[in-house]
Amino acid sequence: MESFVVKGEVSLTGAVKISGSKNAAVAVLPAVVLTKENVHLENLPDITDVRTMIEILENLGVSIRRRGRNALDLTSGNLSKIAPPYELVKKMRASYYFMGSLLARFGRAEVPIPGGCDLGPRPIDQHLKGFTALGADINIEHGMITLTADRLVGAHIYLDVVSIGATINLMLAASAAEGRTVLENVAKEPEIVDLANFLNAMGAKIRGAGTDVIRIDGVKSFTGVTHAIIPDRIEAGTFMMAAAATAGSVTVEDVIPKHLEAITAKLRETGATVRVEPERITVAVPQPLVASDLKTFPYPGFPTDLQPPGMVLLTAARGLSVITENVFDGRFNQVEELKRMGARIKVEGRTALIEGGNRLSGAPVTAHDLRSGASLIIAALMAEGDSTISAVEHIDRGYENLEQKFIGLGASIKRISDQASEKISKSPL
Ligand code: EPZ
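We now turn to the structure provided with this report. Quick caveat, the model's predicted, so the values are computed rather than measured. Per-chain numbering applies: the sequence of each chain, read as written, is numbered from 1 onward. Local features in this predicted model are restricted to residues of pLDDT 70 or higher, and side-chain atom pairs are both shown and tallied only at a pLDDT of 80 or more, whereas totals for entire chains, interfaces and linings draw on every residue. The side-chain figures draw on all heavy atoms in the structure; neither hydrogens nor water molecules are used.

The next point concerns the sheet that holds strand 11 (residues 205–207). Strand order in the open sheet formed by four strands is 9-10-12-11, and the pairing between neighbours is mixed. Each of the sheet's edge strands pairs with one partner strand only, and the pair in question is strand 9 (156–158) and strand 11. The mean inter-strand angle of the sheet, taken between neighbouring strand axes irrespective of direction, is 15 degrees. Think of it this way: DSSP has to see at least two bridges between two strands before they count as a pair. Helix and strand definitions here come from DSSP, where helices need a minimum of 4 consecutive H or I residues and strands a minimum of 2 consecutive E residues; each element is numbered from the N-terminal end. By the bridge criterion, three bridges tie strand 9 to strand 10 (residues 180–184) in an arrangement that is parallel. The residue of strand 10 that forms the bridge with isoleucine 157 is leucine 183. Here, axes are lines fitted to C-alpha atoms. For helices the fit covers the stretch in contact, and angles between N-to-C directions go from 0 to 180 degrees.

Next comes the structure, spelled out in structure tokens:
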């Protein structure tokens, strides 16, 4: 395991180029198995989750040629297997998208029950309900989900819960089903739209992505395609929050401002200034931040993945802020760590009360998941004194080159192995 040693009391200034979207990349990569022709992907983030996805694809028999750090050529001409290996699947929840894509290609898929972040219960009942509606038989035993369908037939499916994963999985399967599928009460995230654009460029017939209702007319075959992954709105929002929390001035480049409207609105509410240009956004803090309430919702609401950085921001805003986490049951993993840094936070169920305005103090803390880990970097930059953040492999899953990007904005962050960090955590900070 590795840790970050972070110097405190830094105001971030400068510009940072945002990488391709993790959550779009991990949806598009499983979809490449739908075609036997070559798929060329650009703007892939070089992160652990993408590397794991590539390993799974190679294990299935996909031939992959790297074209630079963020581009790949993939050909699924002769796939040999329909069961991604457990030791890879358990590393990331998004590997369950192979249920939809392998079912579409072969009418059969064997995928281990997914693992994932510790965010509370993460059922997949809506995925399975949709696959059944499309004509698949599902058998779950020994931790393995086996889906088989002699033929997939279009259906009218109403999701009980707005689920990104279920929307993606059912779009993948329905793309190859006979006839029309209507998916209602679906997720509207930009990553859904990016996948729909990718599938349509391969010959799929998908309409309505980005709205509550997606209509899909199944097709028999798919062609090759060239596709560039959209920018990562969660990475961009993380840096926008970091700029405001450290009273700095940061420009995030290569973004789609439309995807960041909820973050822009919330930052302005706290008193930050946000200048929006066609492909970049600049956040600055001309006066002390003021407390604001934050509620997470499916897109276009405030994203749950930015709730942890948002909480850190609100520890710097004078007054009492209330955060309501409406998407996950257990998404306050950062709270105990922030309290070790002196943050005044009280959690009641899905609600957190933050008494902001007091300077945090550097401390040894632990990243428990991807987004709470990233939020601890922001807290460490704001704090008085140094901090050591351990288990940074969680952060590496979804942020490309994060410490270099922060260093480029004036931070002092060192990545050290755990043996070295044990020495540090035993010595006074
Ligand atoms: C996606 O997870 C993202 N992951 C998550 O990002 C993100 O936090 C989440 O959407 C919500 O925005 C990827 O895109 C790879 P959901 P997903 O299905 O698809 C419930 C990150 O940090 N639900 O939209 O698993 C579920 O329990 C990660 O990048 C059911 O009840 O989330 C949750 O409460 C963390 N039944 C809510 O819906 C189901 O069948 C939303 O979950 C499916 C979901």
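That covers the picture; the talk isn't over yet.
Let us now look at the side chain of serine 21. Note that serine 21 resides in the loop between strand 2 (13–17) and helix 1 (22–31). Each residue is placed in one exposure class: buried if its accessible area under a 1.4 Å probe, protein chains only, is under 20% of its type's maximum, exposed if it is over 50%, and partly exposed if it falls in between. The exposure class assigned to serine 21 is buried, which follows from its relative accessible area of 2%. In this view, serine 21 contacts Pro45, Glu191, Ile229, Ile230, Pro231 and Asp232; residues no more than four positions away in its chain are not counted. Residue contacts follow a heavy-atom distance rule, with two residues in contact if any of their heavy atoms lie within 4.5 Å.

By the bridge criterion, five bridges tie strand 14 (residues 249–253) to strand 16 (residues 280–284) in an arrangement that is antiparallel. Bridge assignment links glutamate 253 to a residue of strand 16, and that residue is arginine 280. Sheet topology note: the strand 15 (residues 273–277)/strand 16 ladder contains five bridges and is antiparallel. Each bridged residue has a counterpart across the sheet, and for valine 274 the counterpart in strand 16 is valine 283. As consecutive antiparallel partners, strand 15 and strand 16 are separated by two residues.

Residues Ala262, Ile263, Thr264, Lys266 and Leu267 constitute the buried set of helix 9 (residues 261–269). With its phi angle positive at about 105 degrees, glycine 271 sits one or two positions after the end of helix 9.

Let us look at unusual backbone geometry. Note the cis peptide between tyrosine 299 and proline 300, where omega equals 10 degrees. Position of proline 300 among the secondary structure elements: in the loop between strand 17 (294–295) and helix 10 (307–315). One non-glycine residue, asparagine 43, lies in positive phi territory at about 60 degrees. You can see asparagine 43 is positioned in the loop between strand 3 (38–42) and helix 2 (48–60). According to the relative accessible area criterion, asparagine 43 is partly exposed, its value standing at 30%.

A molecule or strand has a residue near it when one of that residue's heavy atoms lies within 4 Å. What surrounds the ligand is a group of 27 residues, the closest being Asp125, Gln126, Ser163, Asp305 and Val327. We call two N or O atoms a polar contact when they sit within 3.5 Å, provided that within protein one can donate a hydrogen and the other can accept it, with sequence-adjacent residues counted only if both atoms are side-chain atoms. One of the side-chain nitrogen or oxygen atoms of asparagine 23 is found 3.1 Å away from an oxygen atom of the ligand. Between an oxygen atom of the ligand and a side-chain N or O atom of arginine 93, the distance comes to 2.8 Å. Where accessible areas are quoted, they stem from the Shrake-Rupley method and a 1.4 Å probe; at the residue level, only the protein chains shown are allowed to cover. Within the complex, the protein chains bury 89% of what would otherwise be the 830 Å² of accessible surface of the ligand. Of all the secondary-structure elements, those providing two or more residues to the shell around the ligand are helix 1, helix 5 (125–133), helix 6 (164–174) and helix 12 (370–382). Here the nonpolar group is Ala, Val, Leu, Ile, Met, Phe, Trp, Tyr, Cys and Pro; Asp, Glu, Lys and Arg are the charged ones; every other residue, Gly included, is treated as polar. For the shell around the ligand, the class distribution of residues is 14 nonpolar, six polar and seven charged.

A few words on the environment of alanine 367. Relative to the helices and strands, alanine 367 resides in the loop between strand 21 (364–366) and helix 12. By relative accessible area, alanine 367 is classed as buried at 2%. C-alpha of alanine 367 to C-alpha of aspartate 386: the two residues are 19 residues apart in sequence and 16 Å apart in space.

Let us now look at the packing of helix 1 against helix 4 (residues 97–106). Orientation of helix 1 relative to helix 4, taken along the N-to-C sense of each, is 25 degrees, at an axis distance of 8 Å. The orientation of helix 1 relative to helix 4 falls into the category roughly parallel. For the pair helix 1 and helix 4, the sense of crossing is right-handed. Taken together, the residues of helix 4 that come into contact with helix 1 (itself represented by Val26, Ala27, Pro30 and Ala31) are Tyr97, Phe98 and Ser101. Per-class residue counts for the contact of helix 1 with helix 4 are six nonpolar, one polar and no charged. Put simply, angles under 35 degrees are roughly parallel, angles over 145 are roughly antiparallel, angles from 65 to 115 are roughly perpendicular, and the rest are oblique. Two helices crossing with the near one rotated counterclockwise from the far one by less than a right angle form a left-handed crossing, whereas a clockwise rotation gives a right-handed crossing.

What follows is about the environment of arginine 180. Among the secondary structure elements, arginine 180 is positioned in strand 10. Along the chain, arginine 180 and isoleucine 124 lie 56 residues apart, while their C-alpha atoms are 23 Å from each other. A distance of 2.9 Å separates polar atoms of two side chains, one belonging to arginine 180 and the other to aspartate 217.

Let's shift gears to the sheet that holds strand 23 (residues 413–417). On the basis of which strands lie adjacent, the open sheet formed by four strands has the order 21-22-1-23 and mixed pairing. Here the strands that pair on one side only, and so sit at the sheet edges, are strand 21 and strand 23. If you compare each strand with its neighbour and ignore which way they point, the axes differ by 25 degrees on average. Here four bridges tie strand 1 (residues 2–6) to strand 22 (residues 387–390), and the two strands are oriented antiparallel to one another. Bridge pairing links serine 3 to serine 390 in strand 22.

In this structure, Leu74, Leu195, Phe198 and Leu199 are the most contacted members of the largest nonpolar core, which totals 76 residues. Discounting chain neighbours no more than four positions away, the residues touching leucine 74 are Leu29, Val32, Glu37, Asn38, Val39, Leu41, Leu57, Val62, Ser63, Ile64 and Arg65. Ranked by size, the runner-up nonpolar core spans 68 residues in total, among them Ile18, Ala367, Met382 and Val392. In this description, a nonpolar core means a group of buried Ala, Val, Leu, Ile, Met, Phe, Trp, Tyr and Cys residues linked to one another through side-chain atoms lying within 4.5 Å.

Further remarks concern the packing of aromatic side chains. What counts as a ring pair is set by centres within 6.5 Å for rings of Phe, Tyr and Trp (its six-membered ring), and what kind of pair is set by the plane angle: stacked under 30 degrees, edge-to-face over 60, tilted for all other angles. Counted under the stated rule, the structure contains two aromatic pairs. Between tyrosine 96 and tyrosine 97, the aromatic rings sit 5.2 Å apart at their centres with planes inclined by 55 degrees, giving tilted as the arrangement. The exposure class assigned to tyrosine 96 is buried, which follows from its relative accessible area of 6%. Pairing phenylalanine 239 with phenylalanine 406 gives two aromatic rings, centres 4.8 Å apart and planes at 45 degrees, and the pair type is tilted. Here phenylalanine 239 is found in helix 8 (residues 233–245), whereas its partner phenylalanine 406 is found in helix 14 (residues 402–407), with 167 residues between them in sequence. The pair formed by phenylalanine 239 and phenylalanine 406 is uniform in burial state, with each residue classed as buried.

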